[in-house]
Amino acid sequence: MLEPLKNQTFQRVSIIGLGYIGLPTAAMFASRKVTVIGVDINPETIDIINRGEIHIVEPELDIVVRAVVTEGYLKATLKPEPADAFLITVPTPFKEDHQPDLGYIQSACKAIAPVLKKGDLIILESTSPVGATEQVDSWLAKARPDLTFPQVHGETSDIRIAHCPERVLPGHVLRELVQNDRVIGGITPKCSAAAVQLYKMFVEGECFITNARTAEMCKLTENSFRDVNIAFANELSMICDKLDINVWELIRLANRHPRVNILQPGPGVGGHCIAVDPWFIISPNPAESNLMRTAREVNDYKPLWVITKLKKEIASYLTDMSQKKAEDITIVCFGLTFKPNIDDLRESPALEIVEKIAKFHTGPVIAVEPHLHQLPTNLRNLVQLRDADEALSEATIILMLVDHQQFKLVTAEKYDTKILMDLRGIWQKE
Ligand code: SAJ
């Protein structure tokens, strides 16, 4: 491994994009008593952070942010200021055709270009398609012809650029930021060494050095691996449903084999990473990525499978209870977020399912979501938000969509007499 550079110091670090990754990263640097300038395009986000508060839910982040803002180590601003290192932590969504959208990265480059100076380090942390870090170099080089950049000038360049993908799990971000190993891909070895030196301010995990393209592909590979494995579990769940086998018991038993470790099925795959990143491999390599594409399709299909199964349950209930109509059926959905114990609704399969139910079902639809104070706007007039006990007492059909900790504590007598579709395998009827 390369030795870190001896003379590089980072007195001011700037984080561009104060979202789920950027804000915790800014807080970690600031907690090491480095001056951190957080930059975001949203004035409301800036105000919240400068008050020492946070705009996202992440355990313990509020405590750290309050402390570092009060002590003066973190401030948020709309306009970039000079710094010694810039970390770009902006979203990388995909477009209609699944091609990566680098628009936010390009805007971040445009914003920081005027304040760059000789010796600065730029790190792209956003999950990116292969080649994005070189693209950042090209954009910045074009914007600042007075400075030299590593793609063309190699180790003698004024500016250093590296890719260091974030790998933290929402809900465990502060711990994982410190403890996880990092993959660092500089455009040149000196770019990598500078990035290692920066991260070593708070990272206790190992920093592994590679080139920028391998680092980009490494992050995409990790999330695609997980997507393929969840697709296997989801496919099993649909087969087991047909064969009348309890998939949760099956997986528990199969996982007793020393070399088998099947993940958990669910209502689909959500979030801004696993449901998105595989496309960054698939879309530029369509002929070579059949398995990853199929996994995406299996996981994307799962919410529709849930709706089809629900419609069958409704039909069979109406056949059994001939005096009842669809309007008499109250459907209660437990959970809206994309995974347990967070407030994040991005790409949530649970949300997709509830939206679809609200569109076709003529009776009441109730959502129970302890992590939200109010429903997202598109559900507000269609769905009621209730607490668990109240909703359970009114339910005809229950869909367990997100295995929040609170839901695991619900006792069986509360749902025993209801029609239960448990997509997370946490509730067992007695
Ligand atoms: N899910 C299942 N079954 C499982 C595990 C997950 O259905 O057994 C579903 C979840 O419910 C959720 C989706 O998959 O809808 C994604 O959740 P997740 O916990 O697998 O992942 P994320 O999106 O929260 O975070 C992932 C992590 N990547 C890997 O574990 C390889 C994290 O380390 C990354 O930093 C993050 O993506 C990211 O930012 O890319």
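Residues numbered from 1 in each chain as written. Predicted model: local features only at pLDDT ≥ 70, side-chain atom pairs only at ≥ 80, totals over all residues. Heavy atoms only, no water.

With that settled, consider the site of the ligand. Neighbouring the ligand are 20 residues, the closest being Glu166, Lys219, Arg226, Gln264 and Phe338. Contact distances for the ligand include 2.6 Å between an oxygen atom and a backbone N or O atom of Phe338. Here Arg424 contributes a side-chain N or O atom positioned 3.2 Å from an oxygen atom of the ligand. In isolation the ligand offers 760 Å² of accessible surface; the protein chains occlude 89% of this area. Class assignment for the residues of the shell around the ligand results in 9 nonpolar, 3 polar and 8 charged. Structurally, the shell around the ligand is a two-domain feature, drawing no fewer than three residues from each of domain 1 (12-205) and domain 2 (245-422). (Near = heavy atom within 4 Å. Polar contact = N/O pair within 3.5 Å; in protein donor to acceptor, adjacent residues only side chain to side chain. Areas by Shrake-Rupley, 256 points an atom, 1.4 Å probe, with all protein chains shown as cover. Nonpolar A, V, L, I, M, F, W, Y, C, P; charged D, E, K, R; others polar. Domains from an automatic or database assignment.)

Attention now goes to the nonpolar core. Core analysis: the largest hydrophobic core is formed by 43 residues, its most contacted members being Val13, Leu74, Leu198 and Tyr199. Counting residues per element, this core draws most heavily on helix α1 (residues 22-31), which supplies 6 residues. Look past the residues within four positions of Tyr199 in its chain and what remains in contact with it is Leu87, Ile123, Glu125, Cys164, Arg182, Ile184 and Cys207. One finds Met238, Ile329, Ile357 and Leu401 within the second-largest nonpolar core, a separate group that totals 32 residues. (Core = buried A, V, L, I, M, F, W, Y, C linked by side-chain atoms within 4.5 Å. Buried < 20%, exposed > 50% of the residue type's maximum accessible area, 1.4 Å probe, protein only. Helix = DSSP H or I, 4+ residues; strand = E, 2+ residues; numbered from the N terminus. Contact = heavy atoms within 4.5 Å.)

Okay, the environment of Pro114 next. Of note, Pro114 is situated in the loop between α4 (103-112) and β5 (121-124). Owing to a relative accessible area of 60%, Pro114 belongs among the exposed residues under this scheme. Between the C-alpha atoms of Pro114 and Arg32, which are 82 residues apart in sequence, the distance is 27 Å.

Within the fold, Gln405 resides in helix α15 (residues 405-408). Assessed through its relative accessible area of 43%, Gln405 is described here as partly exposed. Here the alpha-carbon distance between Gln405 and Glu204, two residues 201 residues apart in the chain, equals 29 Å.

The subject of this paragraph is the environment of Arg296. Following the sequence through the fold, Arg296 ends up in helix α12 (residues 290-320). What makes Arg296 buried here is its relative accessible area of 1%. Sequence spacing of Arg296 and Ser224 is 72 residues, and the spatial spacing of their C-alpha atoms is 8.9 Å. Among all residues touching Arg296, those that are not within four sequence positions of it are Asp227, Val269, Ile274, Ala275, Pro278, Trp279 and Ile282. A polar contact of 3.5 Å, which involves the side chain of Arg296, links it to the backbone oxygen of Ala275.

What follows deals with the sheet that holds strand β7 (residues 182-186). The strand order β3-β2-β1-β4-β5-β6-β7-β8 describes an open sheet built from 8 strands, whose pairing is mixed. Edge positions in the sheet fall to β3 (74-77) and β8 (207-211), since each has one partner strand and no second. Averaged over all neighbouring strand pairs, the angle between strand axes comes to 25°, with direction disregarded. Examined bridge by bridge, strand β2 (residues 35-39) and β3 share 4 bridges and lie parallel to one another. Residue pairing in the sheet places Ile37 in a bridge with Lys75 of β3. Where helix α5 (residues 132-143) meets the sheet, it contacts β5 and β6 (160-163), and its direction lies at approximately 155° from that of β6. (Pairing = 2+ DSSP bridges. Axes fitted to C-alpha atoms, helices over the stretch in contact; angles between N-to-C directions.)

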